[in-house]
Amino acid sequence: MHHDDALTEARIVRFMRERLTPALLRRSAPLDVTAWEVPGEPVPFETAVAAEHRPFAVGDAWGRPWGTTWFHVTGTVPTGWDEPGTRIELLIDLGFSIAQPGFQAEGLVYDPSGRIVKALEPLNMHVPVQVGAGGVVDVWVEAASNPDVAGVWDFAPTPLGDPATAGTDPIYRLNRVDVVQLDVTVWELLQDCWTLDGLRRELGPELPRRAELLRGLGRAVQEVDPDDVAGTAQLGRDVLAPLLAAPASASAHRIVAVGHAHIDSAWLWPVRETIRKCARTFSNVLDLMDHDPDFVFACSSAQQFAWMRDHYPELFERIRSRVAEGRFVPVGGMWVESDTNLPGGEAMARQFVAGKRFFLEEFGLDLTEVWLPDSFGYSAAMPQIVAAAGATDFLTQKVSWNETNRFPHHTFLWEGIDGTRVFTHFPPADTYNSALAATDLHRAQRQFQEKGESNVSLLPFGHGDGGGGPTREMLAAAVRTRSLEGSPTVEIGTPSAFFAAARADYPSPPVWSGELYLEFHRGTYTSQARTKRGNRRSEHLLREAELWAATAAIRTGAEYPYDALDEAWHTVLLQQFHDILPGSSIAWVHQVAEANYQAVAERLTALVDESLRALTAPGDGGPAGFANASPFVVDGVPALGVAATTTAGRAVLSGRADGGFVLDNDLVRVTVDADGRVTSVLDLAADREVVAPGAATAELQLFRDTPNQWDAWDVDLADRTHWTVLDRADVVEVALETPGRVAVLVRRSFGSSSVTQTIALDAGRPTVDILTAVDWHERQKLLKLAFPLDVRADVASSEIQFGHVDRPTAVNTSWDAARFETAAHRWVHVGEPGYGLAVANDSTYGHDVTRTTREDGGTTTLVRKSLLRAPRFPDPTADQGEHVLRSTLTVGAGILDAAAEGYRINLPLRPVQGAAVDPIVVVDRPGIVVEAVKLAEDRSGDLVVRLYEATGGRSAGRVSFGFPVRSVRRTDLLEREHGEQPRLAPDGSVELRLRPFEILTLRAARMQ
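What comes next concerns the included structure. Values in this document were obtained by computation on a predicted structure and should not be read as measured data.

So, how was this worked out
Residue indices begin from 1 for each chain and proceed along its sequence in written order. Thresholds applied to this predicted model are a pLDDT of at least 70 for local features of residues and 80 or more for the giving and counting of side-chain atom pairs; totals over whole chains, interfaces and linings are not thresholded and use all residues. Note: side-chain values were computed over all heavy atoms of the structure, leaving out hydrogens and water. The helix count covers DSSP runs of H or I at least four residues long, the strand count covers runs of E at least two residues long, and both are numbered beginning at the N terminus. The classification of residues rests on relative accessible area computed with a 1.4 Å probe and restricted to protein chains. Under 20% of the type maximum is buried, over 50% is exposed, and intermediate values are partly exposed. Should any heavy atoms of two residues lie within 4.5 Å, those residues are counted as being in contact. Working definition of accessibility: Shrake-Rupley area with a 1.4 Å probe, residue cover restricted to the visible protein chains. Strand pairing is assigned whenever DSSP detects at least two bridges linking the two strands. Lines fitted to C-alpha atoms define the axes, with helix axes restricted to the stretch in contact, and inter-axis angles between N-to-C directions lie between 0 and 180 degrees. Contacts described as polar in this section are N or O atom pairs within 3.5 Å, which, within protein, must combine one atom able to donate a hydrogen with one able to accept it, while residues neighboring in sequence count only if both atoms come from side chains. Between 30 and 60 degrees the pair is tilted, below 30 it is stacked and above 60 it is edge-to-face, where a pair is any two Phe, Tyr or Trp rings, Trp via its six-membered ring, whose centres lie within 6.5 Å. Charge-over-ring placement is defined geometrically: NZ (Lys) or CZ (Arg) within 6 Å of the ring centre, and within 35 degrees of the ring normal.

### Here's the deal with the overall build of the protein chain
Right, on to step 1. A count of helical and extended segments in the protein chain gives 18 helices and 52 strands.
Right, on to step 2. Judged by the C-alpha coordinates and their principal axes, the protein chain covers about 95 × 70 × 60 Å.
Right, on to step 3. Within the protein chain, the proportion of its 1008 residues that are buried is 62%.
Right, on to step 4. Counting only contacts in the protein chain whose residues sit at least 6 apart along the sequence, the fraction spanning at least 24 positions is 74%.
Right, on to step 5. For the protein chain, the accessible surface area stands at approximately 36200 Å², while carbon and sulfur atoms represent 51% of it.

Okay, structure coming up:
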């Protein structure tokens, strides 16, 4: 046989491009257009249609960056177009480019009554026509001129991320506004060809099926007359029908395809635009459901549903109807698809509390799947939090982005720090934005790690990141690949259906224990320091506000501010989204986030003050004491109570002959030399120097920061070899000298920036306090604060949610080498048997911890905190300006000392006037830590207390309440009775036994 495969392939491709695609439309006719450019922010439909619109021509420019233009499209459908085998539609091209959907202009189409019809996207430009009397067409288009911030993904600085610098000139040109007659048979033939040609390309040249597809497609091309494609398209379909009817093999990989649209709640667009993106995407989904009864769509993020309820109520009610049918499927159970490295423990729990409450209250659904395809690594605390929220299954995709190591599983049990396991799946197609192309289907089949044990995987399909969702072309592909020889089988289903099938298929999956560390995007622990500081401060203010409001409600009958606290929590939870808190969004997003944090701080501070005034009933005289919201005693003030401090001791400052200073508080002696270097930290109780020989601690180090790609996201190991020490001081002087506190101030300048460090000691505390104030104007630099410590630490213990994770300091494997920058919350602890040190902070997250052997045979463990970065994309002004960052070094510290210090510097004592206040919750064992005290979500007035075991060992202790209790029940995170119940003692206390790192929620009902 003579082979002409290459010629046939070329003929098929050209046939699809130049014959079928142009023949999709039998006829088209232009429509009339008028336009109105909104002068400011977006306006409702009623405002837009009442505005004065001007005539607008196809080809005219429109849309300043981040603007909105309303187009009114009118006309009539020509007579004679209502022919069998055709569909009348509108085709509106707003000026779409070849850039991916969701990153450029988009539109939302309304009918004259204000009802949303569907959206306009770059690969989804058609609109179904509801023709009025006489064939009248009348629609309104809200067109968003969002700039393509990403461009060609060269990560170059761009002014487009800030309205103040984005410009005002139009950036789009209206390309087409027509009523068209779609040839349904030609469209179906094009889908046949696309599916079969895609399959052919994935099959090996040795397979008969590949040759069969090539020859069949070649015959179909021959059957279709290029001069009469519409009249002969069915002949081509007839040729291909047997090829499409050949069933898949019994061993074909099974794919559950889940309709999806990963909509980033903010990223290269602001939150206000995400609200509109959700409306556009969801209207597309509802339109598909109107035409395809088998289509189902999964949507995560309660916040996005809440936006529809609040901003698009008619659309939300249509969504509600489809939810009731089981076709528009809420999934995930969280308020947003949050980052999981940076949110604190209670905030991570509240993602589920707020999300699941919303889905229960609005739809009556108790979701069991967690859906986080795109977050930047996953905390080892997550399995327990997931389980405590009543969820059983977990899905992500992002670990497939690893730079160094390939994760060994796609379906497995993920074990957290407390031993809890959750059934987990990584879609092996390595995408959450599939078009159901053969490339994705075969990649899933080829890469699936569990072959021979399991044979089913999940594939999310639909345009995502910027939204858009599934298209009718994707649904056509799903129909054709339901059972197709040579292809994995495809079944459109729900996440719950997939997890049920996967569990049945794989009853004994392997176990991965510990964090799911992403070997990529490590810079997100540090970028946009103000956003991170706002989050940290908000989390702790929320703790204070809830604690003191609950105490005031129980002790004085004060009204508990449920609504205000919910509003604050929703703001903080939204801004923990995985492109806001990690610092990977445009300038506009972070400007809004920082303003929101300021508003949250003002409101919560007012709530705290109101509650403390109600509690302390101030009389005459000065401050009576301090409110301590920490779960540890601080300076004699009891945990969760109000009292006077009882700190004893002194702090002394003395000068040195070389111009340096010595700070001493009888627990620690600190030497600062004439250059402002902390050359000695002597633990007087242990008679031990903790600074490595020849080194200086609290040292500022400036690194090159030029990642290969993804500027705000990444820090690269290659840049670790290019750094300088900021070791020369401009000024070293006394900052403060009192009996209770002494401090030395050190000023330095470097590059275009300056830094002032205050090194301080407080009486009675074995802790060096380092306050670093930076006026930062560097570009592509990373500033770290280094602590070279004379201790041999095999692991670094880093705080995560409700506990800590131990990471090796040695580099034995490629997994260790790839973990060169890690996240920690308030503290890192390093130690050797019998001695430890803690480095704590009030706003930073990025760390690296390494160890080296010195010439003297000793070991230096180096703990470095990443303070500031200066990436150029997507925000070219990231982190510029003034920052104040607090750090502490505690000597002779155990794990609980580290935890106590982390709480102390994030929850400073608050001065109050008036009477002392006893805590309403008391725990008699320091290893059991109180994380939250609040009133119940159902507004019953019950007190809810969340605790956890903090040491990593078993702990037993008694919890007492400072009020008469009727009952104490153990609950899940949603405050529903759960697990083995404690026995209430006659004095109203309960005895607890907690496993390592166990989270426990108690609900105490008050005596009436």
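### Structural notes on the sheet that holds strand E3 (residues 54-55)
Right, on to step 1. Here 6 strands make up an open sheet; going across it, the order is E3-E2-E5-E10-E7-E8 and the pairing antiparallel. With partners counted over all chains shown, the strands left at the sheet margins are E3 and strand E8 (116-120), one partner each.
Right, on to step 2. Of the pairings in the sheet, the one linking strand E2 (residues 32-37) to strand E5 (residues 67-76) comprises 6 bridges and is antiparallel in character. Looking at E5, one finds that Thr34 is bridged to His72.
Right, on to step 3. On top of the sheet, helix H6 (residues 271-291) reaches E5, strand E7 (106-110), E8 and strand E10 (136-145); it is set at about 110° to E8, its chief contact.

### Some details on the sheet that holds strand E49 (residues 955-961)
Right, on to step 1. Taking strand neighbours across the sheet as the criterion, the 3 strands line up as E46-E49-E51 in an open arrangement whose pairing is antiparallel. Each having just a single partner strand, strand E46 (921-923) and strand E51 (990-994) make up the two edges of the open sheet. Pairwise comparison of adjacent strand axes, ignoring direction, gives a mean angle of 25° for this sheet.
Right, on to step 2. The sheet contact formed by E49 and E51 spans 5 bridges and is antiparallel. From the neighbouring strand, Val959 faces E51, where its bridge partner is Val990.

### A look at the side chain of Arg480
Right, on to step 1. With respect to the helices and strands, Arg480 occurs in helix H12 (residues 472-480).
Right, on to step 2. On the accessibility criterion, Arg480 (10% relative accessible area) is buried.
Right, on to step 3. One polar contact links Arg480 to Asp192, side chain to side chain, over a distance of 2.6 Å.
Right, on to step 4. Look past the residues within four positions of Arg480 in its chain and what remains in contact with it is Glu188, Gln191, Asp192, Thr195, Arg237 and Leu244.

### A few points about the packing of aromatic side chains
The geometry of an aromatic ring pair is captured by two quantities: the separation of the ring centres and the angle between the planes.
Right, on to step 1. Applying the stated criterion across every chain yields a total of 49 aromatic pairs.
Right, on to step 2. Aromatic pair Phe56 and Phe71: ring centres 5.3 Å apart, planes at 65°, arrangement edge-to-face. Of this pair, Phe56 sits in the loop between E3 and strand E4 (61-62) while Phe71 is found in strand E5, placing the two residues 15 residues apart along the sequence.
Right, on to step 3. Exposure remark for Phe56: the relative accessible area of 7% places this residue in the buried category.
Right, on to step 4. Taken together, the ring pairs in this structure connect Phe103, Trp153, Phe155, Trp267, Trp269, Trp401, Phe520, Trp710, Trp713 and Phe873 into an aromatic cluster.
Right, on to step 5. Over the ring of Trp401 we find Lys398, and its NZ or CZ is 3.4 Å from the ring centre.
Right, on to step 6. Geometry around Tyr903 places Arg826 over its ring, the cationic atom sitting 4.0 Å from the centre.

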